[in-house]
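Survey of secondary and tertiary structure
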Amino acid sequence: MKKKILQISLFTFLTILLLGTACNSPVKKDLPKDKELPTVFKSKENCNVSRFMQDKSGNLWFGTTDNGLYKYDGKSFNQFTINDGLDCNKIYCILEDKDGKIWVGTEVGLCLYNGKTFSKIQIPLPKNLPPNKNHYYQTHWVYNMLQAKEGKLWFVTIDGVFIYDGKSFTHFPMNEARNGFLTSNDRVERILEDKEGNIWLGGRTNEGVFRYDGKSVTNLKPMDLFQDGPKPKPHNWGWPQLQDSNGNIWFSNWGGAYRYDGNTFTSFTTKDGLPSEVTRIIEDQKGNLWFGASDGLRCYDGNTFTYFKDGLINPWIWEILEDNNGTIWVGTRESGLYFFNGKTFINYTEYKH
């Protein structure tokens, strides 16, 4: 196949932005005219745009699962790979800490970026940690991370969960959870802190979700949700996604999504307008919720779901971010990075076939 590059001038781009429903992105003002959108260069096969982050200076960071890390300053992309000091080109999480340092979790470990260089950070493993018997993933894969309000950093890895206090790492055993997804140690895959300081953890091999209140871990078990297929498969695990402006905690799994109000779980499934296999949930500045799934993007205004996929080459969405200007970005499997203009998706990606 010939290389295809989707190009659109910013003037044209501005004219197709829409005003209207609550689930549309706002029109952006004062955009420069008559310039082409920059492109991210990547191989189409086996590369997902997987994790986003906006730093305190307004730069956008995009992690890919094949072509390293990209920094976007609003005008151009700067790519970082193993040639720039990263330990791996497969990026799975990005975090800016309170000191402005950028932490990057990769398939093989952890890196720290100080604004100039990347340093590889080794998380020491407990001597009594069961060995990793997965011959395909003899790595120190970092799945997810956060900085808690009190300042400590939490890292969810293939080797388990670890807490960093600025000086040393402490292993946080998850004895309450079942064996992990890839090894016996990765018993959770996602982590979230709520406004009360509780830490929520969840993974695909769990029964329910887990809440750590600073003293003990509590296992909460919502109802089963069923994944579409010839033999619908039940799931009651949950990836913790966000706490919304009303205080509800949202979780996703391969059967839909849950909303937890502190007492009760409410499910959202195909009957409500969601598909199976919900991968990402965010809340925008207007209070709308955006759901990324295997078949595209949905916006929930509290009453109904509005579905969008026009312009997506592959509708399987892995990541969503609303930037400081109210712009919605999505990252997909294989087909790249997109800007959502309120109606369709504008591709920032050049393909190599």
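In case you missed it, the structure is sitting above this.
As a starting point, this report considers the structure included with it. Once a new chain begins, its residue numbering starts again from 1 and follows that chain's sequence as written. For a predicted model such as this one, the threshold for reporting local features is a pLDDT of at least 70, and the threshold for listing and counting side-chain atom pairs is 80 or more; totals across whole chains, interfaces and linings nevertheless cover every residue. Working from all heavy atoms in the structure, the side-chain values ignore hydrogens and water.

1. Considerations on the overall build of the chain
Under the convention used in this document: A run of DSSP states H or I qualifies as a helix once it reaches four residues; a run of E qualifies as a strand once it reaches two. Both are numbered from the N-terminal end. Only protein chains enter the calculation, and the probe is 1.4 Å; a residue is then buried if its accessible area is under 20% of its type maximum, exposed if over 50%, and partly exposed in between. Only heavy atoms enter the contact rule, under which two residues are in contact if any of them lie within 4.5 Å. Note on areas: Shrake-Rupley with a 1.4 Å probe; residue coverage comes only from the protein chains shown.
A tally of regular secondary structure across the chain gives one helix and 32 strands. Taking all 353 residues of the chain together, the buried fraction comes to 55%. Taking the intrachain contacts of the chain between residues at least 6 apart in sequence as the baseline, contacts between residues at least 24 apart amount to 49%. By element, 47% of the accessible surface of the chain is carried by carbon and sulfur atoms, the whole surface being about 16700 Å².

2. With respect to the pattern of salt bridges
Just so we agree on the cut-off: We count a salt bridge whenever a side-chain nitrogen from Lys or Arg sits within 4 Å of a carboxyl oxygen from Asp or Glu.
Taken as a whole, this structure holds five salt bridges when the rule is applied. In this structure, the salt-bridge partner of Glu-319 is Arg-280, at a minimum N-O distance of 2.5 Å. Placement of Glu-319 in strand S28 (residues 317–322) and of Arg-280 in strand S24 (residues 278–283) is noted, with a sequence separation of 39 residues between them. Across the pair Arg-298 and Asp-295 runs a salt bridge whose closest N-O atoms are separated by 2.8 Å.

3. Here we look at the sheet that holds strand S15 (residues 199–202)
Put simply, the rule is: For two strands to be treated as a pair, DSSP must find no fewer than two bridges joining them. To define axes, lines are fitted to C-alpha atoms, for helices over the stretch in contact only, and angles between the resulting N-to-C directions are given on a 0 to 180 degree scale.
As summarised here, the arrangement of the four strands in space is S14-S15-S16-S17, forming an open sheet in which the pairing is antiparallel. Each of the sheet's edge strands pairs with one partner strand only, and the pair in question is strand S14 (190–193) and strand S17 (217–220). If you compare each strand with its neighbour and ignore which way they point, the axes differ by 25 degrees on average. Across four bridges, the pairing between S14 and S15 is antiparallel. Each residue of the ladder has a partner; that of Glu-193, found in S15, is Ile-199.

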